[in-house]
Amino acid sequence: MAEKLTAWDIVRKKAKGERIAMVTAYDYPTARLVDEAGVDVVLVGDSAAMVVLGMRDTRFIGMEEMLVFCRAVSSAVRRALVVGDMPFMSYQVSTEQAVANAGRMVREGGVDAVKLEGGADYAEVIRAIVRAGIPVMGHVGMTPQSAASSTGFRLRGKSADEAERIIRDAEEVARAGAFSIVLEFTTAEVAEYLSRTLEIPVIGVGAGPHCDGQVLVLHDVLGLYENSPPFAKKYADLRSVVLDAISRYVSDVRNGAFPDEGRYWRMDERERAELKRRLEERTGKGG
């Protein structure tokens, strides 16, 4: 079995010029699959709010739910680094609460590192969590937790002013001690600059080809939903496969074709005769 990756290993991949593959997972079976497939980082994303729990956006998932997902994934993964998303309001209230919740994600959720959204405003929070011995992955550009209620889900960094703000945020996150940064839905020019100038890996999602790595939501990769973000690539159409399989199962059940011979078992002749005798005694009738 391959040796378990650490946050430091992910940093060294950039130094060696190796691209980093990261994907989300939320449960034991899919986490096993993505780990076996060779991804470097498994993100237990707060996107579980929408893709697993059917919530409107990522603001509505809490610590207790995230801990369940983290435990399931960390139990399955043997090689990849497991990163847990810190949910909305788990780190914004105070630095002390942020450290405590990050600690819960490691101790109770079993993750190797945590991820939190925000730039310069959260530099002190990142420093405090890192001081506590917990690796932190940053997240700048389009940040879904705040975008849902204020700025909206739109491409970031189109203007020079906004691009410069994102760059400054990323630099502050790196200075605060983050071992990597997710850069979401941001122009390729910003991603190229940050990937070239920062010593830590920049992992893009909708940020172009110049990043040190890429991350996608597993359900988008597998094509489990009809609609995906414009930057996602569907590598399979499992929605059609699953619909076909279940439809055929329903048909087989209704027409009596399932279960077929070999998928159920009978008593041997001697035990069947004994059961028949006992039932006749109970009911006074033939079986």
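This text follows the structure it describes.
(A) Representation of the pairing of strand E6 (residues 180–184) in the model. Among the five residues in E6, five count as buried, and that is most of the element. Across the two faces of E6 the burial is the same, with Ser180, Val182 and Glu184 and Ile181 and Leu183 all buried. Alignment of strand E5 (residues 136–141) against E6, held across five bridges, turns out to be parallel. Across the sheet, residue Gly138 finds its bridge partner in E6, namely Ile181. Bridging between E6 and strand E7 (residues 202–205) involves four bridges; their strand directions are parallel. Within E7, the position partnered with Ile181 by the bridge is Val202.

(B) Layout of the side chain of Arg79. Along the chain, Arg79 falls in the loop between helix H4 (63–76) and strand E3 (81–85). Among the polar contacts made by the side chain of Arg79, one reaches the main-chain carbonyl oxygen of Val39 at a distance of 2.9 Å. Not counting residues within four places of it along the chain, the set of residues in contact with Arg79 comprises Ala2, Glu3, Lys4, Leu5, Lys13, Asp35, Gly38, Val39 and Asp40.

(C) Region of the structure containing unusual backbone geometry. The amide bond that connects Phe258 to the next residue, Pro259, takes the cis arrangement and shows omega of 5°. Note on placement: Pro259 falls in the loop between helix H11 (238–255) and helix H12 (269–283). Of note in the backbone geometry, Met89 takes a positive phi value of approximately 70° without being a glycine. Residue placement: Met89 occurs in the loop between E3 and helix H5 (95–107). Assessed through its relative accessible area of 41%, Met89 is described here as partly exposed. Phi is positive for Phe185, close to 45°, though the residue is something other than glycine. Given the relative accessible area of 18%, Phe185 is considered buried.

(D) Broad picture of the layout of surface pockets. A volume near 700 Å³ is recorded for the largest pocket. In terms of lining, the largest pocket is formed by 30 residues, of which the most central are Ser47, Met50, Glu184, Val217 and Pro229. Of all elements in the fold, only helix H3 (48–51), E6 and strand E8 (213–216) reach the threshold of two or more residues within the lining of the largest pocket. Here the residues of the lining of the largest pocket sort into 17 nonpolar, seven polar and six charged. Taken together, 23 residues form the lining of the second largest pocket, with Gly118, Gly141, Thr143, Ser146 and Asp169 sitting closest to its centre. For the lining of the second largest pocket, the secondary structure elements donating two or more residues are E5, helix H7 (144–151) and helix H8 (160–175). A per-class count over the lining of the second largest pocket returns six nonpolar, ten polar and seven charged.

Criteria and thresholds
Residues numbered from 1 in each chain as written. Predicted model: local features only at pLDDT ≥ 70, side-chain atom pairs only at ≥ 80, totals over all residues. Heavy atoms only, no water. Buried < 20%, exposed > 50% of the residue type's maximum accessible area, 1.4 Å probe, protein only. Helix = DSSP H or I, 4+ residues; strand = E, 2+ residues; numbered from the N terminus. Pairing = 2+ DSSP bridges. Polar contact = N/O pair within 3.5 Å; in protein donor to acceptor, adjacent residues only side chain to side chain. Contact = heavy atoms within 4.5 Å. 1 Å grid on protein atoms, 1.4 Å probe; cavity = no way out; pocket = protein on both sides within 12 Å on 5 of 7 lines; lining within 4 Å. Points joined across faces, edges and corners; volume = space filled by probe spheres on them. Nonpolar A, V, L, I, M, F, W, Y, C, P; charged D, E, K, R; others polar.

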